[in-house]
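Report on the structure
Residues per chain are reported as follows:
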Amino acid sequence: MQKNLLSVINEAGSFLLEREGAAPRIALILGSGLGELAEEAEDKRVIEYKEIPGFPVSTVQGHKGRLVFGKMGGKRVVFMQGRFHYYEGYNMKEVAFPIWVFNFLGIKKLIVTNAAGGINTSFKPGDLMIIKDHINYTNNNPLIGPNLEALGPRFPDMSAAYSNELIEIVRECAYSNGIRLQEGNYLFLTGPSYETPAEIRAFRILGADAVGMSTVPEVLAANHCGIETVGISCITNMAAGILDAPLNHKEVMETAERVKGDFSKLIKSVVEKMEV
Ligand code: HPA
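Quick look at unusual backbone geometry
Following G191, the chain continues to P192 via a peptide bond in cis, the omega torsion being 5 degrees. You can see P192 is positioned in the loop between β7 (181-188) and α4 (197-206). For T215, which is not glycine, the phi torsion reads 75 degrees and is therefore positive. Position of T215 relative to the elements: it lies in the loop between β8 (210-212) and α5 (216-224). A relative accessible area of 0% means that T215 is categorised as buried.

Below, the structure is given as structure tokens:
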């Protein structure tokens, strides 16, 4: 993919621009169980990933595979309803590919969301957590390989990967909507197996508050090409070994379903407050 990466990005982006005309400036990636938010957009236009030249196709249960263009909080936005996961067998560049297409479209701000397991014992399932920073625990990175100077620098700075300005907006919006908001560090693993209790104890010592199988590849790509990013995790379950109960995907989906009201309220008011 690397050799032709720029031309594939350009092809996908040109296709979308032709279909959409001018593109929005804000993109949102909707995580497991959180995809329904896109249904609340106004003037929706849906483009299935499989229609877009060069776009991978999503396979995970509970994820749709489409872009939804529309309006939310008075602003034009594009949603990714369904993302690509490394554990599905995509390589890191495929996982990050939509970000590069967003960059081509002129997207300036990105809201990433995900379902995550809570490591911090003060969290409860159903909490929303602002991602202050992340730990990439995969030894992989979508930027490995020849650097595409047209996109960004060889050695991108990651010292403020999650925009302080956008974090402050999320805090204000949570407060004004009466939504309890946790804050913490998100640790990224490949999955697809959930972690062992010993791993979770180790990750707590490393400074992780939540753990999940997504988000970091997209955030790496977004920082590389200068898209301002903010991330929100839905703590769908406590991580392995914290409660005396096995983990399963059903619980993840059920908790996401339960908090989708607060989640939508928060995201809508954040979009409304964002300056673009
Ligand atoms: N671990 C990893 N990924 C997750 C979890 C978890 O406990 N919950 C939701 N996504």
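Once you've had a look at it, read on.
Side note on the site of the ligand
The full set of residues close to the ligand is A115, A116, G117, Y194, E195, V211, G212, M213, T236, N237, L247 and V252. Measuring from a nitrogen atom of the ligand, one finds a backbone N or O atom of A115 at 3.4 Å. Coverage of the ligand by the protein amounts to 95% of the 260 Å² it exposes when considered alone. When contributions to the shell around the ligand are tallied by element, the ones reaching two or more residues are β5 (109-118), β8 and β9 (228-238). Per element, the largest residue contribution to the shell around the ligand is three residues, and it comes from β5.

Observations regarding the pattern of salt bridges
Taken as a whole and assessed by the stated rule, the structure comprises 15 salt bridges. Residue K260 pairs with E36 through a salt bridge whose shortest N-O separation is 2.9 Å. Residue K260 is found in helix α6 (residues 249-273), and its partner E36 is found in the loop between β1 (26-30) and β2 (42-48); the two are separated by 224 residues along the sequence. Among the salt bridges present, the one from E257 reaches K260, with a minimum N-O distance of 2.8 Å. Placement of both E257 and K260 in helix α6 is noted, with a separation of three residues, approximately one turn of the helix. You can call K260 partly exposed: its relative accessible area is 25%. Through salt bridges that share partners, K132, E168, R171 and E183 make up one connected network.

Some details on the nonpolar core
Counting residues in hydrophobic clusters, the biggest one holds 84 residues, and the most contacted among them are L67, F79, I99, W100, F102, L128 and L266. In terms of residue count, helix α2 (residues 92-105) provides more of this core than any other element does, nine residues in total. Ignoring sequence-local partners within four residues, the contact set of I99 consists of I29, L110, E218, A221, A222, C225 and I227. Core analysis: the second largest hydrophobic core is formed by nine residues, I119, L187, V211 and A239 among them.

Cut-offs applied
Residues numbered from 1 in each chain as written. Predicted model: local features only at pLDDT ≥ 70, side-chain atom pairs only at ≥ 80, totals over all residues. Heavy atoms only, no water. Helix = DSSP H or I, 4+ residues; strand = E, 2+ residues; numbered from the N terminus. Buried < 20%, exposed > 50% of the residue type's maximum accessible area, 1.4 Å probe, protein only. Near = heavy atom within 4 Å. Polar contact = N/O pair within 3.5 Å; in protein donor to acceptor, adjacent residues only side chain to side chain. Areas by Shrake-Rupley, 256 points an atom, 1.4 Å probe, with all protein chains shown as cover. Salt bridge = Lys/Arg side-chain N within 4 Å of Asp/Glu carboxyl O. Core = buried A, V, L, I, M, F, W, Y, C linked by side-chain atoms within 4.5 Å. Contact = heavy atoms within 4.5 Å.

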